[in-house]
Amino acid sequence: MKYWRIEKYIGIEGMSIREFADKCGIAPSTMSRFLNGKTDIQKKNIDKILKVTGLTYEECFEVIEPFG
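Conventions we followed
- Residues numbered from 1 in each chain as written.
- Predicted model: local features only at pLDDT ≥ 70, side-chain atom pairs only at ≥ 80, totals over all residues.
- Heavy atoms only, no water.
- Core = buried A, V, L, I, M, F, W, Y, C linked by side-chain atoms within 4.5 Å.
- Buried < 20%, exposed > 50% of the residue type's maximum accessible area, 1.4 Å probe, protein only.
- Helix = DSSP H or I, 4+ residues; strand = E, 2+ residues; numbered from the N terminus.
- Contact = heavy atoms within 4.5 Å.
- Axes fitted to C-alpha atoms, helices over the stretch in contact; angles between N-to-C directions.
- Parallel < 35°, antiparallel > 145°, perpendicular 65-115°, else oblique.
- Arc of directions from axis to C-beta.
- Salt bridge = Lys/Arg side-chain N within 4 Å of Asp/Glu carboxyl O.

## What about the nonpolar core?
Formed by 19 residues in total, the largest nonpolar core has its most connected members in Ile-6, Phe-20, Met-31, Phe-34, Ile-49 and Phe-61. Elements represented by at least two residues in this core include exactly α1 (4–13), α2 (17–24), α3 (28–35) and α4 (43–53). In terms of residue count, the dominant contributor to this core is α4 (four residues). If sequence neighbours within four positions are ignored, Met-31 has contacts with Ile-17, Phe-20, Ala-21, Cys-24, Ile-26 and Ile-49.

Encoded structure:
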């Protein structure tokens, strides 16, 4: 699962994943695995992402189903 709102935020801010992870206080490797859907993320890290992005939980983790 991709988190398009987080990726959009990173792109708008002109950040790399490493820079975004640092701003959130999350290890870059953890952030990368999370954004690539290879691991779940702890609630404390979700809270950090929401604080940095200013998004609500629902906005941040909205899933858009692909057209089939």
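## Remarks on the packing of α2 against α4
Packed helices, taken two at a time, are described by the angle their axes make and the gap between the axes. Two elements in contact, α2 and α4, have axes whose closest approach is 9 Å; the angle formed by their N-to-C orientations is 100°. Relative to α4, the element α2 lies roughly perpendicular. For the pair α2 and α4, contact is made by Phe-20, Lys-23 and Cys-24 and by Lys-48, Ile-49, Val-52 and Thr-53, respectively.

## Overview of α1
Taken together, the buried positions of α1 are occupied by Ile-6, Tyr-9 and Ile-10. One side of α1 holds all its buried residues, which, seen down the axis, span an arc of 95°. Summarising the geometry of α1, the exposed residues directed more than 90 degrees from the buried face are Gly-11 and Ile-12. Packed against the buried residues of α1 are α2, α3, α4 and α5 (57–60). Phi for Gly-14, located one or two positions after α1, is positive at around 70°.

## Some remarks on the pattern of salt bridges
In this structure the tally under the stated criterion is two salt bridges. With a shortest N-O distance of 3.0 Å, Glu-62 and Arg-5 are connected by a salt bridge. Taken as a pair, Glu-62 in the segment after α5 and Arg-5 in helix α1 lie far apart in primary sequence, 57 residues in all. Owing to a relative accessible area of 26%, Arg-5 belongs among the partly exposed residues under this scheme. Of the charged contacts, one joins Lys-43 and Asp-47 as a salt bridge, the two residues approaching to 2.9 Å between their closest N and O atoms. Within this pair, Lys-43 and its partner Asp-47 are both found in helix α4, separated by four residues, close to a single helical turn. Residue Asp-47 is classed as partly exposed on the basis of its relative accessible area, which comes to 36%.

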